Amino acid sequence: PQSSDEESPVPDANSCSEKELVKLFQQEISPASETAASLKRTCGLHIAQSWDYARIAVGLSCKELQLLRVREGGELAVENRKLGRYASGIRGVRFFNGDPNSLLCCTEDGNVFMYDVRTGDEVYCFEDTSEGTKKTMTSCDINYNDRIMCASSEVQKNGDSFLLFFDVRERKYLGSYWECHSDDITHVRFHPSNPDLFASASVDGLINVFDISSQTEEDAMQYCFNAETSIDSINWHTDPTGRDLVSCVTTTNDLHLYDVESQDSVALFDRGQITQSLRRTSAIDCNVVGTHNLSNGSFFVLAGSNFNRGKDCLRTLRYDNKCLLPDRSFSDNKQIVRASVYNEKDQYLIATGECGLITLWKCRIDGTNDTGVNSASKSMKQKLHVSHRSKPY
Amino acid sequence: MASKVSRDILYECVTEVLKGSEAKQRRFLETVELQIGLKNYDPQKDKRFSGTVKLKYIPRPKMQVCVLGDQQHCDEAKANDIPFMDAEALKKLNKNKKLVKKLAKKYDAFLASESLIKQIPRLLGPGLNKAGKFPGLLGHGESMVQKIDEVKATIKFQMKKVLCLSVAVGHVKMSTDELAQNVHLAINFLVSLLKKHWQNVRSLHIKSSMGSAQRLY
């Protein structure tokens, strides 16, 4: 057992009183549901949800892919404990955008497996059949209309790093880009509604945006953003006027935000600023998990602290006009969170992390929530979070 | 920040490294590296760590930076004897891969004005990307010389899969004080990158290119 003093020179703690925290984050939300991925020690490193929010797929560090159902009310139930078992590590998990039953999983040794989650069958395995040795993969994504899949690679011995494209329907390798990055590509993301737009991010600090309808890589490369430090992950957003934005989380837990068309840097939050917004004291313990879009057009950042193995702090910060504002605080978190998904319809946050647990929190605050803490506040902030959408059935 | 490397040990090791290089002079300027051995870190599970930090003293004085500038920046570069190119000069390369590659090889790093940086893909294609030399942003509010010194003083830590890494933190012509300060800054930053901080550090050494390693931790 290690004393927390040894782990960080300045112990991480809340930077304000409990009373102040409740005022800012409204209340502590307890988990509605939690399940352990496995009886053996493992980490949940990747998570994806189907477009209808009915299913979750989790990629574990023990090289297994697991499928879960999210039942009405937010209860998590394991549907297939070992949907996939691999020889090498899992590097990405993605559901199709239009089909809630098709799932992709890419592995380090250069394969992208496709599953039908209803039967649990492996339907196909996309392999890198490009020239040379099989590329080690780092991430994958599928485009808006589920026709093109892209997998990114590490930098290979000859100095090239690849973006490998596959035709999903024809089930064949289409070609690759290899000139736009000089180091491991860490993340790839297609635009949420434009099937031709695509962004890649790398350890080299660059975010490249491509229009893949162009003939050549050079013509496809539309924009280049230099974060000037290694990037861990990226995401697409829209601003209130509908303009495309792209954000990235760096390996030092900073968040950068760019306006794609104008190529302007819209905002930059370093880990010190994020730590402050979170109301914590130790920037070196800050762990930024990622960003999620809200249905009202904005987005939030999920971040926590590594202190005390992640148990002390897991919160969200809402992005609003170049500021990160306190949003939600989640209690009873038992692990350092590594991946998350957000169900916009029901406002569920589902996270997985270093203890191999999968936890669901309900972010919606209404009169009938079951967190046990009755927030009597009638502030505007609370009213904004009450869903006005009627159920579809 | 509290450090597990005492000031005494730090200065002792730095002195040894500098003494060693002085004793046997080489025909080139030896770099001083910080070598790090990690522990309790699993590259398959733990978050990748990598980051850049600006040191107090420039570790690589011979680093060449070229400015890709708008009119104002080109004038400033000219006045300060800094190599530069304007949009016209870049257009003349005609997106020729060989010429862009040659340009990339000529300089260690590039800085570009905001208006130019947005045109790089159009003007040059992916050549600078491939070379790992895509320009950093040069604003108008800051001194160009200062920004260039900043670039020269910045080092990058990058974990590569094995549990050891090394990074250049100085050179043998630096004073004991300067080198010690750089090493101290580098160590503190490294520790701040690691999830378990000092618990992830197994060993620390410094050495000059041709000298023997001195153990700090």
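As the structure is a computational prediction, the values presented were derived from the model and not from experiment.

Conventions adopted
Residues numbered from 1 in each chain as written. Chains lettered and ligands numbered in written order. Predicted model: local features only at pLDDT ≥ 70, side-chain atom pairs only at ≥ 80, totals over all residues. Heavy atoms only, no water. Helix = DSSP H or I, 4+ residues; strand = E, 2+ residues; numbered from the N terminus. Buried < 20%, exposed > 50% of the residue type's maximum accessible area, 1.4 Å probe, protein only. Contact = heavy atoms within 4.5 Å. Areas by Shrake-Rupley, 256 points an atom, 1.4 Å probe, with all protein chains shown as cover. Lys, Arg positive; Asp, Glu negative; His and termini not counted. Charge placed at Lys NZ, Arg CZ, Asp CG, Glu CD. Rg over C-alpha atoms; globule rule 2.2 N^0.38 Å. UniProt positions renumbered as here; feature names shortened; annotations may be inferred. Axes fitted to C-alpha atoms, helices over the stretch in contact; angles between N-to-C directions. Parallel < 35°, antiparallel > 145°, perpendicular 65-115°, else oblique. Left-handed = near helix turned anticlockwise from the far one by under 90°. Nonpolar A, V, L, I, M, F, W, Y, C, P; charged D, E, K, R; others polar. Pairing = 2+ DSSP bridges. Expected span 1.5 Å × (residues − 1). Arc of directions from axis to C-beta. Phe/Tyr/Trp six-rings, centres within 6.5 Å; stacked < 30°, edge-to-face > 60°. Lys NZ or Arg CZ within 6 Å of the ring centre and 35° of its normal. Disulfide = S-S within 2.5 Å. pLDDT = per-residue confidence, 0-100. Buried area = accessible area lost by both parts, 1.4 Å probe. Salt bridge = Lys/Arg side-chain N within 4 Å of Asp/Glu carboxyl O. Polar contact = N/O pair within 3.5 Å; in protein donor to acceptor, adjacent residues only side chain to side chain.

**Student:** I'm lost on the overall build of chain B in this one. Help?
**Tutor:** Assigned secondary structure in chain B consists of nine helices and 10 strands. Each of the three principal axes of chain B carries a C-alpha extent, and together these read 55 × 45 × 35 Å. Out of the 217 residues belonging to chain B, those deemed buried represent 47%. Counting only contacts in chain B whose residues sit at least 6 apart along the sequence, the fraction spanning at least 24 positions is 75%. For chain B, the computed accessible surface area is about 10,700 Å², with 50% contributed by carbon and sulfur atoms. With 39 positive and 21 negative side-chain charges, chain B shows a separation of 10 Å between the mean positions of the two kinds.

**Student:** Any chance you could explain the overall build of chain A here in plain terms?
**Tutor:** The secondary structure content of chain A amounts to five helices and 29 strands. In terms of C-alpha radius of gyration, chain A reaches 21 Å, essentially the compact-globule figure of 21 Å for 393 residues. Counting every position in chain A, which comprises 393 residues, the buried fraction comes to 61%. In the structure as shown, chain A presents an accessible area of about 16,200 Å², 46% of it carried by carbon and sulfur atoms. Charged side chains in chain A number 42 positive and 56 negative. The centres of these two groups are separated by 8 Å.

**Student:** What is the right way to look at the UniProt feature "repeat: WD" (unreviewed entry) in chain A in this model?
**Tutor:** Residues annotated by UniProt as "repeat: WD" (unreviewed entry) correspond here to residues 178–220 of chain A. Between the first and last C-alpha atoms of residues 178–220 of chain A the distance is 12 Å; the span itself is 9% helix and 42% strand.

**Student:** Would you mind going over the packing of helix α1 (residues 7–23) of chain B against helix α9 (residues 176–193) of chain B with me for this structure?
**Tutor:** Two numbers describe a pair of packed helices, the interaxial angle and the distance between the axes. Residue and element names in this part refer to chain B. The contact between α1 and α9 brings their axes to 9 Å, and the two run at 120°. When the axis of α1 is compared with that of α9, the two are oblique. Of the two possible hands of crossing, α1 and α9 adopt the one that is right-handed. Along the contact surface, α1 presents L10, Y11, V14, T15 and L18, while α9 presents T176, D177, L179, A180, V183 and H184. Here the residues of the contact of α1 with α9 sort into seven nonpolar, three polar and one charged.

**Student:** Mind showing me how you'd approach the sheet that holds strand β19 (residues 231–238) of chain A here?
**Tutor:** All names here are of chain A. In space, the four strands of this open sheet follow the order β19-β20-β21-β22, with antiparallel pairing throughout. Pairing within the sheet leaves two strands with one partner each, and these edge strands are β19 and β22 (265–269). Pairwise comparison of adjacent strand axes, ignoring direction, gives a mean angle of 15° for this sheet.

**Student:** I keep staring at the sheet that holds strand β1 (residues 31–38) of chain B and nothing clicks. Help me out?
**Tutor:** What links the strands of a sheet is backbone hydrogen bonding, and the strands pair in either a parallel or an antiparallel sense. Residues and elements named next belong to chain B. Strand order in the open sheet made by the four strands is β8-β1-β9-β10, with antiparallel pairing throughout. Each edge of the open sheet carries a strand with a single partner, namely β8 (164–171) and β10 (214–215). One ladder, built from two bridges, connects strand β9 (residues 201–208) with β10; its direction is antiparallel. The residue of β10 that forms the bridge with H205 is R215. Strand contacts of α1: β1, β8, β9 and β10, with the helix running at about 35° to β9, the strand carrying the most contacts.

**Student:** Looking at this model, I keep getting lost on α1(B). Mind explaining?
**Tutor:** One full turn of an α-helix is made of 3.6 residues, so residues set three or four places apart face in the same direction. Residues and elements named next belong to chain B. In this model α1 runs 24 Å from its N-terminal to its C-terminal C-alpha over 17 residues, within 8% of the 24 Å that 1.5 Å per residue would give. Along α1, the residues classified as buried are L10, Y11, C13, V14, V17, L18 and S21. The buried residues of α1 occupy one face: seen down the axis, they fall within an arc of 165°. Exposed and oriented more than 90 degrees from the buried face of α1 are D8, E12, K19, E22 and A23. Looking at the buried positions of α1, the neighbouring elements they touch are β1, β8, α9, β9 and β10.

**Student:** How should the packing of aromatic side chains be read in this particular structure?
**Tutor:** Any pair of aromatic rings gets described here by the distance separating the centres and the angle formed by the planes. The full count for this structure, using the stated rule, is 19 aromatic pairs over all chains. Ring plane angle 85° and centroid distance 5.6 Å describe the contact between B:Y41 and B:F49, whose orientation is recorded as edge-to-face. Taking the relative accessible area as the measure of exposure, B:Y41 reaches 10% and is therefore buried. What links up through ring pairs into an aromatic cluster is the set A:F165, A:Y177, A:F190, A:F198 and A:F210. Above the plane of the ring of A:F162 lies A:K135, whose end atom (NZ or CZ) is 4.6 Å from the centre.

**Student:** Sorry, what's going on with the side chain of A:S277 here?
**Tutor:** Among the secondary structure elements, A:S277 is positioned in helix α4 (residues 271–278). Once you skip the residues sitting within four places of it in the chain, A:S277 turns out to touch A:F25, A:L317, A:L324 and A:P326.

**Student:** Is there a simple way to think about the state of the cysteines in this case?
**Tutor:** In protein structure, a disulfide is the covalent linkage between the sulfur atoms of two cysteines. Residue and element names in this part refer to chain A. Applying the stated criterion across every chain yields a total of zero disulfides over all chains. Cysteine C105 shares no disulfide, and the gap to the nearest cysteine sulfur, in C106, comes to 6.7 Å. Classification of C105 as buried rests on a relative accessible area of 0%.

**Student:** Help me understand the confidence of the model for chain B, please; the structure alone is not making it clear to me.
**Tutor:** Caution is warranted with low-pLDDT regions, since their predicted coordinates should not be read in detail. In the predicted model, chain B carries a mean pLDDT of 92, and 99% of its residues have values of at least 70. The complex prediction reports pTM at 0.91, with the ipTM value standing at 0.93.

**Student:** Is there a simple way to think about the interface of chain B and chain A in this case?
**Tutor:** When the parts come together, some accessible area is lost, and that loss is often what is quoted as the size of the interface. Chain B puts 38 residues into the contact, and the matching count from chain A is 50 residues. Buried surface at the junction of chain B and chain A, summed over both partners, amounts to about 3,800 Å²; 44% is from carbon and sulfur atoms. The largest per-residue losses of area from chain B upon contact with chain A belong to B:K47, B:R48 and B:K130, which jointly make up 19% of the total buried on that side. Where B:K118 meets A:D264, a salt bridge forms, and the shortest distance between an N and an O atom there is 2.5 Å. Where chain B touches chain A, the interface holds 24 residue pairs in polar contact (both at pLDDT 80 or more). At the level of elements, β2 (50–54), α6 (120–124), α7 (127–130), β6 (136–138), β7 (154–158) and α9 of chain B are the ones that each hand at least two residues to the side of chain B that touches chain A. Here the side of chain B that touches chain A is composed, by residue class, of 11 nonpolar, 12 polar and 15 charged.

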